[in-house]
Amino acid sequence: MAPKKRPTASGAKSASTHGGATASFTGLRVGVTVVIDAGGGTLKVGIAEDGVGSTRVLANAGAKTKGGGHGAAATLFGAEIDEARDVNGMTMRRPVDRGYVVNWELEREVLAHAFRHALGVDPSGCDLVVTEPPFALPSVMEKLDETVFEYFKFRRVCVATPAALVKRYADFVDEKKRGAKDLSVLSRSGIVLDCGFSFAHATTILDGKQVVKGIRRLNLGGKTLTNYLKELVSFRQWNMMDESVVIEDVKEKACYVADDALVELEKCKERRGGVVRREYVLPDGIHVLRGYVREEEAEKKENDDSDEDDDDEDDDDFGARGPKKRKKKVPIPKKPKVVKADEPDHQVLTLVNERFMVPETLFNPSDIGAQQCGVCELVAQAVDNEDMEEAHQALCLLDVIVTGGCTKFANFMERFERDLRPLLSETFGLRVRRVSDPIKAALLGGMHLASDREFFESNSITREEYAAKKADIREAYQNFEYQSTITGRLIEYAAEPQTVDDKALEKQCAALTPTLERLVIPAAQ
Ligand SMILES: Nc1ncnc2c1ncn2[C@@H]1O[C@H](COP(=O)(O)OP(=O)(O)OP(=O)(O)O)[C@@H](O)[C@H]1O
Ligand SMILES: [Mg+2]
């Protein structure tokens, strides 16, 4: 098979910037609904009519390669970034800062590239479901409208928060795989914890609607964790301050959430970091294109071998402890290391307590000096708000949905559930579940929404409606009324409550928690 052509600077440029958006989409597919979840770190795109197979996760960034030995420096977008041969020294220019788009020009380039190359669509002939983070400023909302209606010229657009779409995904898409619908679907209530790139949000949803006072934000996400890891390894080993892409990969492959950080720190005091220690082989752009964590087995064996040697060394060092019968050292013939002619000496990063101290920040932000509470307190505070009765709080806690890339750390769920429990009243039940695909959940929820045509149309606006009501819409943004009044912004995550028998539901509630017997859930019409 012929090797894939390496993207070049000129190729990337012509794909992204020439001729504005509309001129360059001619001949591409129209008449479909595009779904976009544009996060601070990743851009998730798909076509509702084509289902899961059409979804793509791309970097929401333009990447600049270092150039040098392998050719000129290039600006890459989308899949070109994943396919780049040399990630060393690659720098990312991101349109999103602290969760909100600040560089719309770059965001348009990234989107245009995704429409053209990842989806093959002409936006001016398509409908759109797009996400927007909660509490977006009026200027951000206006820019989003301008981009989708005036720049890309979509025909009809529905804007929703990721939390609303994740809840929909968890209830209608993910749930289907697990069989019968349950309490959370019937009551349309729950809490969504989304730990993404820029920050973590806990959003309370009661009877299908987001409770505005039940939304809490922690200004800390995957980006902060990567930066923290960068600082730690740069201080202790190699200078990796310019290697965000490499260190993000180290974080994703080697870090985990500790059950108890203090116990884990004790383990690290064992010789050479004990069982916690791992080695990450750094990419060199020639033999190792993507870094990896060295096999545990190989590592263990290596440790055992070297332990024997080291023990003897210790004896020598501390010979003053007294006459000690030295074992006669039988020279063990060492297997000669077979070195292939082209096998280089890999550069490795040794990771010990960094592996769990970095994700620990999500639970204890004060570790890095952030004056905020961790993700467990975030959920507890979101649900404990003045707009909700106790019984409703209890109902929401029966469906805590966890999503976002940072929740993929090993052991995240166990620790989260264990630390959240003591923060809640004993009388409340607690059920925590993670969506099966934490990065794509909002996208899949959006695709499901788009496939419910009637619901989509009643929660979206057309380009013509936008042009006619633009001034009113902007005024409403200024007044922060969008959650309740503006058409085109999704208010409820699903159309109707599911067909529900009140008695059965109350019984189900009562079985889970005693305080819910008082609760009255609205029945389906
Ligand atoms: N296996 C993994 N383990 C740990 N972290 C991961 C893993 N996979 C991805 N991540 C991290 O998840 C983050 C991206 O998550 P996600 O795509 O949910 O965020 P986003 O939607 O781009 O951001 P936001 O919602 O904050 O705007 C990145 O910081 C990435 O490093
Ligand atoms: Mg996100």
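Residues numbered from 1 in each chain as written. Chains lettered and ligands numbered in written order. Predicted model: local features only at pLDDT ≥ 70, side-chain atom pairs only at ≥ 80, totals over all residues. Heavy atoms only, no water.

> Which parts of the structure should I look at to understand the overall build of the protein?
A count of helices and strands for the protein gives 19 helices and 19 strands. Within the protein, buried positions represent 52% of all 525 residues. The long-range share in the protein, meaning contacts at least 24 apart out of those at least 6 apart in sequence, stands at 72%. Summing over all exposed atoms, the protein offers an accessible surface of approximately 25,500 Å²; the carbon and sulfur share of this is 52%. (Helix = DSSP H or I, 4+ residues; strand = E, 2+ residues; numbered from the N terminus. Buried < 20%, exposed > 50% of the residue type's maximum accessible area, 1.4 Å probe, protein only. Contact = heavy atoms within 4.5 Å. Areas by Shrake-Rupley, 256 points an atom, 1.4 Å probe, with all protein chains shown as cover.)

> What exactly am I supposed to notice about the environment of valine 246 here?
When you line up the elements, valine 246 lands in helix α9 (residues 244-254). Taking relative accessible area as the criterion, valine 246 reaches 3% and is therefore assigned buried. Distance from valine 246 to threonine 226, taken between C-alpha atoms, is 9.6 Å for residues 20 residues apart in sequence.

> Just to check I follow, could you spell out the sheet that holds strand β3 (residues 56-59) for this structure?
Strand pairing in a sheet relies on backbone hydrogen bonds, with the paired strands running either antiparallel or parallel. One open sheet accounts for six strands, arranged β3-β2-β1-β9-β10-β19; its pairing is mixed. For this open sheet the edge positions go to β3 and β19 (461-462), each flanked by a neighbour on one side alone. One ladder, built from two bridges, connects strand β10 (residues 156-160) with β19; its direction is antiparallel. Its bridge partner lying in β19, valine 157 is registered against isoleucine 461. Relative to the sheet, helix α5 (residues 138-151) contacts β9 (127-131), β10 and β19, its axis offset from that of β10 by approximately 150 degrees. (Pairing = 2+ DSSP bridges. Axes fitted to C-alpha atoms, helices over the stretch in contact; angles between N-to-C directions.)

> Please clarify how the packing of aromatic side chains should be interpreted in this entry.
Each aromatic ring pair is summarised here by two numbers: the centre-to-centre distance and the angle between the ring planes. Using the criterion set out here, one finds 11 aromatic pairs in the structure. Judged by centre distance (4.9 Å) and plane angle (85 degrees), the ring pair of tyrosine 151 and phenylalanine 152 falls under edge-to-face. Between phenylalanine 412 and phenylalanine 416, the ring centres sit 6.0 Å apart and the planes meet at 15 degrees, which makes this aromatic pair stacked. Of this pair, phenylalanine 412 and phenylalanine 416 both sit in helix α15 (residues 412-420), four residues apart, which is roughly one turn of the helix. Residue classification places phenylalanine 412 among the buried positions, given a relative accessible area of 1%. Given a relative accessible area of 0%, phenylalanine 416 falls into the buried group. (Phe/Tyr/Trp six-rings, centres within 6.5 Å; stacked < 30°, edge-to-face > 60°.)

> How do you make sense of the pattern of salt bridges when you look at a structure like this?
Think of it this way: side chains of opposite charge can pair up when their charged atoms draw near. Overall, the coordinates contain 28 salt bridges when judged by the stated rule. A salt bridge links arginine 29 to aspartate 50, with the nearest nitrogen and oxygen atoms 2.7 Å apart. Residue arginine 29 is located in the loop between α2 (20-23) and β1 (33-38), and its partner aspartate 50 is located in the loop between β2 (42-47) and β3; the two are separated by 21 residues in the primary sequence. Overlapping salt bridges bring together Lys167, Asp171, Asp399, Arg431 and Arg433 as one network. (Salt bridge = Lys/Arg side-chain N within 4 Å of Asp/Glu carboxyl O.)

> Which parts of the structure should I look at to understand the site of ligand 1?
The environment of ligand 1 is made up of 19 residues, and the closest members are Gly40, Thr42, Lys44, Lys251 and Glu252. Threonine 42 places a polar side-chain atom, nitrogen or oxygen, 2.5 Å from an oxygen atom of ligand 1. At a separation of 2.8 Å, an oxygen atom of ligand 1 approaches a polar side-chain atom of lysine 251. Across the complex, the protein chains shield 90% of the 650 Å² of accessible surface that ligand 1 would expose by itself. Mapped by element, the contributors of at least two residues to the shell around ligand 1 are β2 and α9. The class makeup of the residues in the shell around ligand 1 is five nonpolar, nine polar and five charged. (Near = heavy atom within 4 Å. Polar contact = N/O pair within 3.5 Å; in protein donor to acceptor, adjacent residues only side chain to side chain. Nonpolar A, V, L, I, M, F, W, Y, C, P; charged D, E, K, R; others polar.)

> Help me understand the environment of aspartate 127 in this model?
Note on placement: aspartate 127 falls in strand β9. Placed 79 residues apart in sequence, aspartate 127 and alanine 48 show a C-alpha to C-alpha distance of 9.8 Å. Beyond its immediate chain neighbours, meaning those up to four positions away, aspartate 127 contacts Val32, Thr33, Val34, Phe154, Arg155, Arg156, Arg453 and Phe456. Polar side-chain contacts of aspartate 127 include one of 3.2 Å to the side chain of arginine 155.

> Before we go on, may I ask you to explain the side chain of glutamate 354 in this structure?
Tracing the sequence through the fold places glutamate 354 in helix α12 (residues 354-363). Assessed through its relative accessible area of 3%, glutamate 354 is described here as buried. From its side chain, glutamate 354 meets the backbone nitrogen of valine 352 in a polar contact 2.6 Å long. Excluding anything up to four places from it in sequence, glutamate 354 contacts Leu229, Leu232, Arg236, Cys255 and Pro359.

> For this particular structure, what's the right way to read the pairing of strand β14 (residues 278-281)?
Where a strand is regular, its side chains alternate between the two sheet faces. Alternating residues of β14 divide into Arg278 and Tyr280 and Glu279 and Val281, and every residue in both groups is buried. Here β14 runs beside strand β16 (residues 348-351); their pairing, made up of four bridges, is antiparallel. When the sheet's bridge partners are listed, tyrosine 280 is paired in β16 with leucine 349. Pairing of β14 with strand β15 (residues 292-293) involves two bridges; the strand directions are antiparallel. Residue valine 281 lies in a different strand from β15, and its bridge partner there is tyrosine 292.

> Honestly, the nonpolar core in this entry has me stumped. Any pointers?
One recurring pattern in soluble globular proteins: nonpolar side chains tend to sit buried together. Formed by 63 residues in total, the largest nonpolar core has its most connected members in Leu193, Val375, Phe412 and Phe416. Broken down by element, this core gets its largest block of residues, seven residues, from helix α13 (residues 375-383). In this view, valine 375 contacts Leu193, Cys195, Ala200, Leu218, Leu362, Phe363, Phe412 and Phe416; residues no more than four positions away in its chain are not counted. By size, the runner-up hydrophobic cluster in this structure holds 40 residues, among which are Val34, Leu58, Leu111 and Met141. (Core = buried A, V, L, I, M, F, W, Y, C linked by side-chain atoms within 4.5 Å.)

> Help me out: how do you make sense of the sheet that holds β16 in this one?
Strand order in this open sheet of three strands is β15-β14-β16, and the pairing throughout is antiparallel. In this open sheet, the two edge strands, each paired with only one partner strand, are β15 and β16.

> How should I be thinking about unusual backbone geometry in this particular structure?
Phi is mostly negative for residues that are not glycine, and the peptide bonds are mostly trans. Backbone geometry places lysine 153, a non-glycine residue, at a positive phi of 60 degrees. Tracing the chain through its elements places lysine 153 in the loop between α5 and β10. The phi dihedral of aspartate 207 falls on the positive side, at around 50 degrees, and the residue is not glycine.

> Could you clarify how one ought to interpret the confidence of the model for the protein in this entry?
Detailed reading of the predicted coordinates is not advisable wherever pLDDT is low. Per-residue confidence for the protein averages 80 on the pLDDT scale, and 76% of its residues sit at or above 70. The low-confidence segment residues 1-23, where pLDDT is below 50, has 25 contacts with residues more than four positions distant or belonging to other chains. Every residue in residues 517-525 is under pLDDT 50, and counting partners more than four places away or in other chains gives 21 contacts. (pLDDT = per-residue confidence, 0-100.)

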